[in-house]
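# Results of the structural survey
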Amino acid sequence: MRNAPQRPDEVTEDWGTVPRNRMTTATRQEVLGLYRSIFRLARKWQATSGQMEDTIREKQYILNEARTLFRKNKNLTDTDLIKQCIDECTARIEIGLHYKIPYPRPIHLPPMGLTPLRGRGLRSQEKLRKLSKPVYLRSHDEVS
């Protein structure tokens, strides 16, 4: 017979009590793998200008950004939020490698450039801007 859960965020299984929103081993491995790949990328990074000062500055940016975001998100337990952070990290790595820049690519939207829904004005514009924000910029405004 199974025991009743001790707390509402726990599920009782045959092998004991397990937190419901706990990061799985596979997710943990994926996050640690991304962290290691970012540090490998920073170690091998070369600035497109070819100047050593730019290379050092860009390497430092990559390392600081990774440390800041990983520390900020280390206590996440919601699997959907963890998946969003993994997707953002992967997108930023791919974009950085493709465009040869470590910084997130800005999006350029004029202030009232999105079509409002039924003329609701500024509130709908703000909502549309938030929805149109690319995955690789989700945490950029929070950190920068």
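The structure under discussion appears in the preceding block.
In this text, all values refer to a predicted model and were calculated from it rather than measured experimentally.

Parameters and conventions
- Residues numbered from 1 in each chain as written.
- Predicted model: local features only at pLDDT ≥ 70, side-chain atom pairs only at ≥ 80, totals over all residues.
- Heavy atoms only, no water.
- Helix = DSSP H or I, 4+ residues; strand = E, 2+ residues; numbered from the N terminus.
- Buried < 20%, exposed > 50% of the residue type's maximum accessible area, 1.4 Å probe, protein only.
- Lys, Arg positive; Asp, Glu negative; His and termini not counted.
- Salt bridge = Lys/Arg side-chain N within 4 Å of Asp/Glu carboxyl O.
- Contact = heavy atoms within 4.5 Å.
- Disulfide = S-S within 2.5 Å.
- Phe/Tyr/Trp six-rings, centres within 6.5 Å; stacked < 30°, edge-to-face > 60°.
- Patch = residues over 30% accessible without salt bridge, like charges linked within 9 Å, V, L, I, M, F, W, Y side chains within 5 Å.
- Areas by Shrake-Rupley, 256 points an atom, 1.4 Å probe, with all protein chains shown as cover.
- Axes fitted to C-alpha atoms, helices over the stretch in contact; angles between N-to-C directions.
- Parallel < 35°, antiparallel > 145°, perpendicular 65-115°, else oblique.
- Left-handed = near helix turned anticlockwise from the far one by under 90°.

### A word on the side chain of Glu58
Within the fold, Glu58 resides in helix H2 (residues 52–72). No salt bridge is formed by the buried Glu58, whose closest oppositely charged neighbour, Arg57, lies at an N-O distance of 6.2 Å. Other than its neighbours up to four places away in sequence, Glu58 contacts Trp45, Ala47, Pro102 and Tyr103.

### Some thoughts on the environment of Gln84
Residue position: Gln84 is located in helix H3 (residues 79–99). Judged by relative accessible area, Gln84 falls into the partly exposed class, the value being 45%. For Gln84 and Val135, which are 51 residues apart along the polypeptide, the C-alpha to C-alpha distance reads 8.0 Å.

### Observations regarding the state of the cysteines
Evaluation of the coordinates by the stated rule reveals zero disulfides. The structure places no disulfide on Cys85, whose sulfur is separated from the nearest cysteine sulfur, that of Cys89, by 9.1 Å. We classify Cys85 as partly exposed; its relative accessible area is 25%.

### Remarks on the packing of aromatic side chains
Applying the stated rule across the entire model yields three aromatic pairs. Aromatic side chains Tyr35 and Phe70 sit 4.7 Å apart centroid to centroid with 65 degrees between the ring planes, which places their arrangement in the edge-to-face category. Residue Tyr35 is found in helix H1 (residues 25–44), and its partner Phe70 is found in helix H2; the two are separated by 35 residues along the sequence. Overall, the relative accessible area of 27% leaves Tyr35 in the partly exposed class. A relative accessible area of 22% means that Phe70 is categorised as partly exposed.

### Here's the deal with a nonpolar patch on the surface
Taken together, the side chains of Tyr99, Ile101 and Tyr103 present a nonpolar region at the surface, about 260 Å² in accessible area. Looking at the element boundaries, Ile101 is found in the loop between H3 and helix H4 (122–132). Overall, Ile101 belongs to the partly exposed group, its relative accessible area being 32%.

### Observations concerning the packing of H1 against H2
With their axes 8 Å apart at the nearest point, H1 and H2 run at an angle of 165 degrees to one another. When the interaxial angle is binned, H1 and H2 end up roughly antiparallel. Here the hand of the crossing between H1 and H2 comes out left-handed. Counting all contacts with H1, which are made through Val31, Leu34, Tyr35, Ile38, Phe39, Ala42 and Arg43, the residues of H2 involved are Lys59, Ile62, Leu63, Ala66, Arg67 and Phe70.

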